Every structure is written in structure tokens, then in C-alpha cells.
Amino acid sequence: MEVAKGVRSAVRINGGVDQQRAVELDLESVCEKVSALVSGNAVVVFTISGCCMCHVVKQLLFGLGVGPTVVELDRDASGGPILALLNRLAAGGGGGKAVPAVFVGGKFLGGIETVMACHINGSLVPLLKNAGALWL
Amino acid sequence: MNSTTTQFVPSRRMGLYEPVHQMSMWGDFRNTLLDSSPPPELMLEVNANLDNQSEDTTSQGTFAASHRNDQEASKPDDKVLRRLAQNREAARKSRLRKKAYVQQLENSKLRLIQLEQELNRVRQQQGLCVGGGIDTSQLAYTGNSNPGISAFELEYGHWVEEQNRQISDLKNALHSDMGDTELQIFVDGGMQHYFELFSMKVMAARADVFYIMSGMWKTSAERFFLWIGGFRPSELVKVKIKTCQVLSPHLDALSEQQRLDIVNLTQSCQQAEDALSQGMEKLQFILAQAIADGLLQEGNYLPQIGAAMNKLDDLVRFVVQADHLRQETLQQLSRILTTRQAARGLLALGEYLQRLRALSSCWSSRPREQA
């Protein structure tokens, strides 16, 4: 699956050195889980319940008429491993925080900064429409 | 300076060597004068000694010279006379330098008294919170001992000066028949200047986020429009395109496509702003909850304060994102507008901010009503 490969390779590139095979296997299963989630839903947002920036992203998407799938990592059983995965994705972008993490059309879009930038330069709405999250 | 004073020996024993020793000491005194502020007590002490010595030296030198002359008539006079003259010259120069230094100290003292009086006056008028616009400077007196903030205030003062320079340059450029390529350089420079301010603010926010959130470095009228440590991005757009919104056909009027793009930008800007505002409200709510947790119960409130401190890191994130939004908005606007329109927009924004600052000055220097 292209999407799954996309997520996995992104993690490998940004992941640095992984000494233990066991850890890598664990990562594989998390990747699978995340890939399944993001490919099954047009827009997926990973959040932490107390995080206010996550609230900002949610409000922005709701305001646009999008109904994203929200995964609260502190309320989810596999929240920890997923957060580790997101940390790696964020590290690739240079200095951003892991949450909120937004996936559109099965691909990782970015954190709050990327989402805002895309919205201002007008690329967010077409992206959402392409993914089937918006119909107007 | 201590070494010079201890090396100071009574003149009578030294005789001829006295002037040379004297001159090396004058050299030290001059070097310390050129360095910034030696401790005043020490200076006065040395000055007193040197003053005494200068009088002694000339007489001593003459005494030594004439004494020597009598004894060794074969030695030429002019060497001695020349040394005496040099010594007199050095002493004179030293006295002049001392006079200049003391004059400088007096001026500084007067200035200090002036500043203290002004400060007390303003404090009485405005209570504990002292705002900007007291004098022509933009800086608000906060008594802040945070080095990150002091550095920011200094840099901001320079930023405003540079801003004023750029505004007049831009004005001249627009009135000249400058080509678009050259004009674009001014536009790019102006944009870059705003981006520099954003990076300065982010660093200052890490030093003291409440300082940035309260807009302490801004003048009072600017603070009225404060939104997460700066201007609303939507306001920036409105001001910048004001000059393009003319009904009659005008050289710099907006095309249809541009109008559409501006409408879209205004809308997305507003949506992003609203999202950030809602996030801020949530942060306020969470912070209030953390502090109010367990009121009127046993034990101290340290855990609550600790929890609240963690939440304040989120506040820095908001300042960063707000400034990022401002930057993205300005950049998108410069993509939509032509060079000339962008130049007019930048000029409009600059003048708008200048007027706000003028309003603040006018307000703070208005005549007080008598009770």
C-alpha cells in the first residue's frame, strides 16, 4: 500500500538510528495501525486532550465544514507508540511539536504551522476537496 | 589605578627621575579616563594626589635642575629645560582632561536627576503601571531586569528608527519615476524588516511571554489593538489594501482576479485568527482551572502553581503561531499585489503605525484636568 509505505519511509528517514530489532517490529505495527486509520478517513487529526493548539486545529477544520476523525492519544490504548511515531515525523520538519498532527487524504500534512500556512496561501481547501472532506 | 597610587613616591628623593615617573603615571590616568568610568572615589583620590604632585613636581624639578646646574656646569641646560617644559605640558593636559571628565560627570548627574523627576511625575499620574509615550522614545519603562527583554527593548528602538527611515525612502521612491525592479527592492526590504521584528518577538516571548502578551514595548494606542502580542493579521490586510480600493479607474487599482484573491485571503485570515482566539480562550480556561484547583483546602498552593507554570509554555506557542500567521498573511498579500500596489500598501501600513504612535504621544502629553 502506497500510503503505508509513505508513512514507514518517512519514519525511517527521520528516525535516526534504531538499534533494537524489537523496537523496529513494534514501530511496524504502529505504522500499520496509523496507515489504516489515515487511509480509511479523509482527514485525521491526532491530539492530546489538554493541548490548546490541538483545539485551534480542530476549530479551524470545523469552521471550514470538515468533520475530521480526531484521535486523542492520551485516551487511546496505543497512544504512546503513536506519539513516538509522530515525534519522528515532526522531527523531520525541523523543530515542530508532535501534536497536533494532521493527515489529509492518507498523507501527513503537518502541524499547526503547516496547516495555517496552507490555509493562507489557499492550498488547504483544494487539498480537502480532493480528499473528499469538503463538497462545496 | 591602585598600582599607580602605590607607586607614587615622595618627590624629594627621586630628583631627576621624577618627571619620567610622573609622565608614566599621567599615561595611566589618561588610559583610565578613556576607559569607561573608573570608581569616582578612587579618581578623586588620585586626582588629589596628582594635583598635589603636579605643583610639587614643577617646583621640585626646578629645584633639582637648578641644584644640578650649579653642581655640574658642564651639562647642557636645554635638556633639563626641555624636560621641565614637557612636564608642565603634561600637567596642563592632565588638568584639562580632569576638567572635562568632571564636567561630564556633572552633566550625567543632572540628566539622572531629570530622569528621576520625570519618572516620579509619571508614576504619580499613572499609578504603578507606567506606559510608553512619556517622551519621544518608544520604550516603556518596566524596570525589567530580564536581559532578554532589555535586549529586545533596545533592538526595538533601533527597529522603529529604521522603520521611519524606510517609510520616507518608500515615499520618495513612489513619487519618483523608479522602475518596478528597483521598487521591488524597497518592497522586499520593507517585508524583511517586519519579519525581523517577528523573530525578535519570538525570542523575547521565550524570555518573558507575559511581557509580549501585554504589548509592553508598544505605545498605548497600539496596545488598544493588541491581539496575541501584536496586530490582527486581518487588520494588516485591510490597511494595506486601503489605497487600492478606489472606485474610479486608477493606475494601482485592483483587477478582478486580485479582488477575488483578496476576498479569499481576508476570509482565510479571519478563520485562522478565530481558531487561534478560541485556542487562547481554552488556554485561559485551563490555566484558571489549574490555579483554582483545590481552593480553601489544606496544604500550600505550590502544586497548583507548578501545574500553571507548565501551561505557560503553551502561551509561548501561541505567540509564535500568531506571528507566523502575520508573516504568512503579509507574504500572501505580496504575492497577490503588483510591485507598485505592494509598495503603496507597505507605505500605508507604515504611516498607519506612525499615526498610532503619534496618537499615543498626544494622549500622554494632554493637559491634565484639575481636580
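Residues numbered from 1 in each chain as written. Chains lettered and ligands numbered in written order. Predicted model: local features only at pLDDT ≥ 70, side-chain atom pairs only at ≥ 80, totals over all residues. Heavy atoms only, no water.

## Here's the deal with the overall build of chain A
Then, number 1: A count of helical and extended segments in chain A gives six helices and four strands.
Then, number 2: If you list the helices and strands of chain A from N to C, you get α-α-β-α-β-α-β-β-α-α.
Then, number 3: Here chain A holds 136 residues, and 44% of them are scored as buried.
Then, number 4: A sequence separation of at least 24 residues applies to 60% of the contacts in chain A between residues at least 6 apart. (Helix = DSSP H or I, 4+ residues; strand = E, 2+ residues; numbered from the N terminus. Buried < 20%, exposed > 50% of the residue type's maximum accessible area, 1.4 Å probe, protein only. Contact = heavy atoms within 4.5 Å.)

## A look at the overall build of chain B
Then, number 1: For chain B, the count of helices and strands is 13 helices and zero strands.
Then, number 2: Counting from the amino terminus, helix and strand elements in chain B follow one another as α-α-α-α-α-α-α-α-α-α-α-α-α.
Then, number 3: Scored against the burial criterion, the 371 residues of chain B give a buried share of 39%.
Then, number 4: Expressed as a percentage of contacts within chain B between residues at least 6 apart in sequence, the contacts between residues at least 24 apart total 76%.
Then, number 5: Here chain B displays about 21900 Å² of accessible surface, and carbon together with sulfur accounts for 56% of that area. (Areas by Shrake-Rupley, 256 points an atom, 1.4 Å probe, with all protein chains shown as cover.)

## Observations regarding the packing of helix H6 (residues 147-175) of chain B against helix H7 (residues 180-207) of chain B
Packed helices, taken two at a time, are described by the angle between their axes plus the distance between the axes.
All names here are of chain B.
Then, number 1: Contact geometry of H6 with H7 gives a least axis separation of 10 Å together with a crossing angle of 165 degrees. With respect to each other, H6 and H7 are oriented roughly antiparallel. Pair H6 / H7 crosses with left-handed handedness. (Axes fitted to C-alpha atoms, helices over the stretch in contact; angles between N-to-C directions. Parallel < 35°, antiparallel > 145°, perpendicular 65-115°, else oblique. Left-handed = near helix turned anticlockwise from the far one by under 90°.)

## Regarding the environment of B:Ile336
Then, number 1: Position of B:Ile336 relative to the elements: it lies in helix H12 (residues 302-336).
Then, number 2: C-alpha separation for the pair B:Ile336 and B:Leu260, spaced 76 residues apart in sequence, amounts to 10.0 Å.

## Concerning the confidence of the model for chain A
Then, number 1: With 77% of its residues at a pLDDT of 70 or more, chain A shows a mean pLDDT of 82.
Then, number 2: Segment residues 1-5 of chain A: pLDDT under 50, and five contacts once partners within four positions in sequence are set aside and those in other chains are kept. (pLDDT = per-residue confidence, 0-100.)

## Observations concerning the side chain of B:Asp323
All names here are of chain B.
Then, number 1: With respect to the helices, strands and loops of the structure, Asp-323 is situated in helix H12.
Then, number 2: Its relative accessible area of 2% is what places Asp-323 among the buried residues.
Then, number 3: Of the polar contacts made by the side chain of Asp-323, one reaches the side chain of Lys-201; its length is 3.0 Å.
Then, number 4: Excluding residues that lie within four positions of it along the chain, Asp-323 makes contacts with Phe-198, Lys-201 and Val-202. (Polar contact = N/O pair within 3.5 Å; in protein donor to acceptor, adjacent residues only side chain to side chain.)

## Some thoughts on the interface of chain A and chain B
Then, number 1: Each side of the interface is counted separately: chain A has 20 residues, and chain B has 23 residues.
Then, number 2: When chain A packs against chain B, close to 1900 Å² is buried across both sides, 65% of that on carbon and sulfur atoms.
Then, number 3: A per-residue breakdown of the area chain A buries against chain B is headed by A:Cys52, A:Met53 and A:Ile120, which together make up 34% of the total.
Then, number 4: At the boundary of chain A and chain B, one finds zero salt bridges.
Then, number 5: Put simply, chain A and chain B have five residue pairs in polar contact (both at pLDDT 80 or more) between them. (Buried area = accessible area lost by both parts, 1.4 Å probe. Salt bridge = Lys/Arg side-chain N within 4 Å of Asp/Glu carboxyl O.)

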